[in-house]
Amino acid sequence: MHFEFTARRSETGMEPARFQVERLFTGRPGELIDVSHLIDRSYDYHSVRELHWHLAERFGLPVQHVAVRRAGCARPAVART
């Protein structure tokens with residue numbers, strides 16, 4: 001399953017910088033579906049890898065079947081294995 005997300009920097013002031021998911025999409029390019037409502041967007045992620053594992057758990061998928069990338073990036077931030 002492929003996901004794209006937009007992020008905003010967390011306002012916690014903690015180091016290292018954390019981020020929150022602003023919008024989360026799944027689907028094919030040009031046919032993306034907004035699934036932002038299915039996650040807690042107030043959670044402060046430490047890394048894209050943490051988001052990757054969280055999405056695999058949330059959607060009941062093996063982590064190797066999940067690909068995550070920031071919207072506008074040409075390749076996944078965390079590639080499928």
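Thresholds applied
Residues numbered from 1 in each chain as written. Predicted model: local features only at pLDDT ≥ 70, side-chain atom pairs only at ≥ 80, totals over all residues. Heavy atoms only, no water. Core = buried A, V, L, I, M, F, W, Y, C linked by side-chain atoms within 4.5 Å. Buried < 20%, exposed > 50% of the residue type's maximum accessible area, 1.4 Å probe, protein only. Helix = DSSP H or I, 4+ residues; strand = E, 2+ residues; numbered from the N terminus. pLDDT = per-residue confidence, 0-100. Pairing = 2+ DSSP bridges. Contact = heavy atoms within 4.5 Å. Axes fitted to C-alpha atoms, helices over the stretch in contact; angles between N-to-C directions. Phe/Tyr/Trp six-rings, centres within 6.5 Å; stacked < 30°, edge-to-face > 60°. Lys NZ or Arg CZ within 6 Å of the ring centre and 35° of its normal.

Give a detailed account of the nonpolar core, specifying residues and quantitative values.
Among the nonpolar cores identified, the biggest contains 15 residues, and Phe-5, Phe-19, Val-21, Leu-24, Leu-51, Leu-55 and Val-68 are the most heavily contacted of them. At the level of elements, β1 (2-9), β2 (19-26) and α1 (48-58) are the ones that each hand at least two residues to this core. The dominant element in this core, judged by the number of residues it contributes, is α1, at 4 residues.

Can you lay out the confidence of the model for the protein chain for me, pointing to particular residues and giving the numbers?
Residues shown with low pLDDT carry predicted positions that ought not to be read at fine detail. In the predicted model, the protein chain carries a mean pLDDT of 85, and 81% of its residues have values of at least 70. At the level of individual helices and strands, the protein chain shows its lowest average pLDDT in β1, which scores 90, and its highest in α1, which scores 95.

Requested: an account of the sheet that holds strand β4 (residues 67-70), with residues and values cited.
Taken together, 4 strands build an open sheet; the order of strands is β3-β2-β1-β4 and the sheet is mixed. At either end of the open sheet lies a strand with only one pairing partner, and these are β3 (33-34) and β4. Here β1 pairs with β2 via 7 bridges, running antiparallel. When the sheet's bridge partners are listed, Ala-7 is paired in β2 with Val-21. Packed onto the sheet, α1 meets β1, β2 and β4 and runs at close to 135 degrees relative to β4.

Quick one: what's the story with the packing of aromatic side chains, residue by residue and with numbers?
Taken as a whole and judged by the stated rule, the model has 4 aromatic pairs. Consider the rings of Phe-3 and Phe-59, whose centres lie 5.2 Å apart with planes at 40 degrees: the pair is tilted. Placement of the pair is Phe-3 in strand β1 and Phe-59 in the loop between α1 and β4, with a sequence separation of 56 residues. Phe-59 gets classed as partly exposed once you look at its relative accessible area, which sits at 25%. By way of ring pairs, the aromatic residues Phe-5, Phe-19, Tyr-43 and Tyr-45 are connected into one cluster. Positioned above the aromatic ring of Phe-19, the side-chain terminus of Arg-70 is 5.2 Å from the ring centre.

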